[in-house]
Structures are given as structure tokens and as C-alpha cells.
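# Geometric and topological summary
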Amino acid sequence: QVQLRESGPGLVKPSQTLSLTCTVSGGSITTNSYYWAWIRQPPGKGLEWIGYISDTGSTYYNPSLKSRTSISRDTSKNQFTLQLKSMTPEDTGVYYCHAWSKSPPSRSWGQGTQVTVSS
């Protein structure tokens, strides 16, 4: 029942900060034991986990991206956001938001949004 939708700019210039929002419906981002994540896929490559924010607001990031990444949430809007600093062309790809829970087992994906880094 959980549905996710990404929104944000499709084009970002090098050195700028990417800001994406995931809007959640059919469930609350404060639901116990849920993790709300961002995942991306560069062209011709596999999926790469970026990080997550938990139901309590705890965050954890991919160590390779940690220094540039911030995930936050707005519980009043039932949204969580990704900020990725110092964008380069290697950050180009499709960005997905994702929801996951251990108990009860659950998983939901957004449709993905294309982000291109170009000057």
C-alpha cells in the first residue's frame, strides 16, 4: 500500500547540490521499524545504495558518499529528502526512493527520476 514519488530537478550543474524529495502515501514515515532510503543507478551500471533515514529519524549513509550526503524528513508532509553536495557528471543517473521494513516484511519503490549533471 505504501507508494513513493520522487520529485526534484532533472538537471544539475557541476559543484551544485542536488535536492530530491520523496513523497509518501499509504503509510507514515514514522511507522515503527521502517527505513526510508535513497538508491541510484548510473547509466549502464548497477544500483548503488546512498543512505536511509529511520522511523525515529536516525540516518546512515554509504561510506563512499557520506561526506556529501544528507537525508532528512518532514513528518508533517510525510516526506523525506536527499541532499547530495558537490555534484559531478559521475553522479548522473536515475534516483529512486525506497521503503523497507523487517517486520512485517515490506518493500516499496518510487518510479525513479533522471538526474543529469552537466554544465
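The coordinates are above.
Summarised in this report is the structure supplied together with it. Numbering of residues starts from 1 in every chain and runs along the sequence as written. At least 70 in pLDDT is required for a residue's local features to be given in this predicted model, at least 80 for side-chain atom pairs to be given and counted, and no such filter applies to totals for whole chains, interfaces and linings, which use all residues. In computing side-chain properties, one takes all heavy atoms of the structure into account and sets aside hydrogens as well as water.

With omega at -5 degrees, the peptide bond leading from S103 into P104 counts as cis. On the secondary structure map, P104 appears in the loop between β9 (93-101) and β10 (106-109). Non-glycine residue S15 carries a positive phi angle of around 80 degrees. Helix and strand assignments come from DSSP, with helices taken as H or I runs of at least 4 residues and strands as E runs of at least 2, each series counted from the N terminus. Of note, S15 is situated in the loop between β2 (11-12) and β3 (18-25). The backbone phi angle of N78 is positive, close to 55 degrees, even though this residue is not glycine.

Salt bridges, as used here, are contacts in which a Lys or Arg side-chain nitrogen is within 4 Å of a carboxyl oxygen on Asp or Glu. Considering all chains together, one arrives at 3 salt bridges under this definition. Between E48 and R40 there is a salt bridge, with its nearest N and O atoms 2.7 Å apart. Relative accessible area decides the class of each residue, using a 1.4 Å probe on protein chains only: under 20% of the type maximum gives buried, over 50% gives exposed, and in between gives partly exposed. Judged by relative accessible area, R40 falls into the buried class, the value being 6%. Across the pair R68 and D91 runs a salt bridge whose closest N-O atoms are separated by 3.0 Å. Taken as a pair, R68 in the loop between β6 (59-61) and β7 (69-74) and D91 in the loop between β8 (79-84) and β9 lie far apart in primary sequence, 23 residues in all. D91 sits in the buried class, given a relative accessible area of 2%. A single network of salt bridges, built from pairs that share partners, joins R40, E48, R68 and D91.

When two rings of Phe, Tyr or Trp (its six-membered ring) have centres within 6.5 Å they constitute a pair, described as stacked for plane angles under 30 degrees, edge-to-face for angles over 60, and tilted for the intermediate range. In total, this model carries 9 aromatic pairs according to the counting rule given. A ring pair is formed by W49 and Y60, whose centres lie 6.0 Å apart and whose planes are at 25 degrees; its orientation type is stacked. Residue W49 is found in strand β5 (residues 48-54), and its partner Y60 is found in strand β6; the two are separated by 11 residues along the sequence. Take W49: its relative accessible area is 31%, and that puts it in the partly exposed class. Here the aromatic cluster, defined as three or more aromatic residues joined through ring pairs, consists of Y35, W49, Y52, Y60 and W100.

Here we come to the side chain of T92. You can see T92 is positioned in the loop between β8 and β9. Pairs of N or O atoms within 3.5 Å make up the polar contacts considered here, provided that, within protein, one atom can donate a hydrogen while the other can accept it, and that residues adjacent in sequence are counted only when both atoms are side-chain atoms. A distance of 3.1 Å separates a polar side-chain atom of T92 from the backbone oxygen of P89. Reaching out from T92, the side chain makes a polar contact with the backbone nitrogen of V117 at a distance of 2.9 Å. In this description, contact between two residues means that some pair of their heavy atoms is separated by no more than 4.5 Å. Those residues in contact with T92, other than ones at most four positions away along the chain, are P42, P43, Q114, V115, T116 and V117.

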